[in-house]
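Listed below, chain by chain, are the residues.
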Amino acid sequence: MARYNNVTPRFVKYAMLASIAFILIIASNLVNNITTFTKNDNEQQFVEVSTLQTGIGQQTRFSLSDGSRVKLNTNSLIEVNFSKKMRLLTLIKGEASFDVTKDKSRPFMVMVGERSFTALGTILI
């Protein structure tokens, strides 16, 4: 019986130390993952989201917050999503032309279906 009592406290002591080490490892990984997710989320988060649309027989020019301009032809629909890292416009239907304001830190991209186009100059038609 004495031997059993000597082994049990040691086992409990090592089990407690192992449990504490395990909890610390899990907690540090969790904090690291949350910090990484927050940084990536802030960079990708859209700061401007809007929808631009024209009716049948209507043509309209829109000015965007970055100074770029969009001309939508009749019966057109486009989504505008600006983040800190990029300017993304998605043409859902119709026709559009763009007069793009230069911003090397935020590329101007237009998605049409499965294709994407990035403005290298200042005009994207």
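Residues numbered from 1 in each chain as written. Predicted model: local features only at pLDDT ≥ 70, side-chain atom pairs only at ≥ 80, totals over all residues. Heavy atoms only, no water.

As a further point, take the packing of aromatic side chains. Evaluated as defined, the whole model comprises one aromatic pair. Ring geometry for Phe98 and Phe108: centres 5.7 Å apart, planes at 65°, overall edge-to-face. Here Phe98 is found in strand 6 (residues 96–99), whereas its partner Phe108 is found in strand 7 (residues 108–112), with 10 residues between them in sequence. (Phe/Tyr/Trp six-rings, centres within 6.5 Å; stacked < 30°, edge-to-face > 60°. Helix = DSSP H or I, 4+ residues; strand = E, 2+ residues; numbered from the N terminus.)

Take the side chain of Ser83 next. Examined against the element boundaries, Ser83 turns out to sit in strand 4 (residues 77–83). A distance of 3.2 Å separates a polar side-chain atom of Ser83 from the backbone nitrogen of Lys85. (Polar contact = N/O pair within 3.5 Å; in protein donor to acceptor, adjacent residues only side chain to side chain.)

This brings us to the pairing of strand 4. By the criterion of burial, strand 4 is predominantly enclosed, with six of the seven residues buried. Of the pairings in the sheet, the one linking strand 4 to strand 5 (residues 87–93) comprises six bridges and is antiparallel in character. Bridging across to strand 5, Asn81 finds its partner in Leu88. Two successive antiparallel strands, strand 4 and strand 5, enclose a turn made up of three residues. (Buried < 20%, exposed > 50% of the residue type's maximum accessible area, 1.4 Å probe, protein only. Pairing = 2+ DSSP bridges.)

Pairing of strand 2 (residues 60–63) with strand 3 (residues 69–72), which is carried by four bridges, proceeds in the antiparallel orientation. Paired with Thr60 across the two strands is Leu72, which belongs to strand 3. Linking strand 2 to strand 3, which pair antiparallel, is a turn of five residues; within it Gly67 sits at a positive phi near 100°.

What follows deals with the environment of Gly55. Turning to its location among the elements, Gly55 is positioned in the loop between strand 1 (46–53) and strand 2. Relative accessible area serves as the criterion here: at 27%, Gly55 is assigned to the partly exposed category. Note: C-alpha distance between Gly55 and Asn73 (18 residues apart in sequence) is 8.9 Å.

Before going further, it helps to examine the confidence of the model for the protein chain. On average, the protein chain scores 79 in pLDDT, and the residues at 70 or more come to 71%. The least confident element of the protein chain is strand 9 (residues 123–124), whose mean pLDDT is 55; the most confident is strand 5, at 95. This model gives residues 35–39 a pLDDT under 50, and the stretch forms zero contacts once residues within four places in sequence are excluded. (pLDDT = per-residue confidence, 0-100. Contact = heavy atoms within 4.5 Å.)

Before going further, it helps to examine the nonpolar core. Core analysis: the largest hydrophobic core is formed by 15 residues, its most contacted members being Leu64, Val70, Ile78, Leu89, Phe98 and Phe108. Contributing elements (two or more residues each) for this core: strand 3, strand 4, strand 5, strand 6 and strand 7. For this core, the element with the most residues is strand 4, which contributes three residues. (Core = buried A, V, L, I, M, F, W, Y, C linked by side-chain atoms within 4.5 Å.)

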